[in-house]
Amino acid sequence: MRQAGTYSGILSGGISGKTGPHLLPLARIKKIMKKSGEDVKMISGESPIVFSKACELFIKELTQRSWMVTMQGKRRTLNKEDVASAVMATDLFDFLVNLVSESGEATTPLEMDTSNYS
């Protein structure tokens, strides 16, 4: 049986509980969740909280890996090429490879199709 981990307090008002401050807007997350598919109609109040924390962890991990690329280049400013390099070098981020090209530039907004999320 799986034991409670570091983030088990999320739903019980812990780390990023319902009453606590959120780094990402829950209403925006819920809107994205609803537009993710026609089958998604009802979303519990706790779901966006979990997604918010997951997004925070994702951003933190990608930033740390991108910062390592920046430091290897002996620079002090993280730029989009560093993010692209981190994405290309990490199997964990394979789902993002189509968002960055070999030159490290992001694809055009038309190619990304984020129209459902605005």
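From a predicted model like this one, the values you see are computed outputs, not experimental measurements. (Residues numbered from 1 in each chain as written. Predicted model: local features only at pLDDT ≥ 70, side-chain atom pairs only at ≥ 80, totals over all residues. Heavy atoms only, no water.)

Concerning the confidence of the model for the protein chain
Then, number 1: On average, residues of the protein chain carry a pLDDT of 79, and 68% of them reach 70 or more.
Then, number 2: Segment residues 10–17: pLDDT under 50, and 19 contacts once partners within four positions in sequence are set aside and those in other chains are kept. (pLDDT = per-residue confidence, 0-100. Contact = heavy atoms within 4.5 Å.)

So, helix α3 (residues 80–89)
Then, number 1: Every buried residue belonging to α3 is among D82, A84, A86 and V87, and all of these are buried.
Then, number 2: Its buried side turned inward, α3 meets α2 (47–72).
Then, number 3: Residue N79 occupies the N-cap position of α3, its side-chain oxygen lying 3.2 Å from the main-chain nitrogen of E81. (Buried < 20%, exposed > 50% of the residue type's maximum accessible area, 1.4 Å probe, protein only. Helix = DSSP H or I, 4+ residues; strand = E, 2+ residues; numbered from the N terminus. Polar contact = N/O pair within 3.5 Å; in protein donor to acceptor, adjacent residues only side chain to side chain.)

Some remarks on the side chain of D82
Then, number 1: Position of D82 relative to the elements: it lies in helix α3.
Then, number 2: In this structure D82 comes out as buried when scored by relative accessible area, which is 2%.
Then, number 3: Not counting residues up to four positions away in its chain, the partners in contact with D82 are S66, V69, T70, R75 and T77.

Remarks on the side chain of T70
Then, number 1: In this fold, T70 is placed in helix α2.
Then, number 2: Side chain to side chain, T70 and D82 meet in a polar contact 2.7 Å long.

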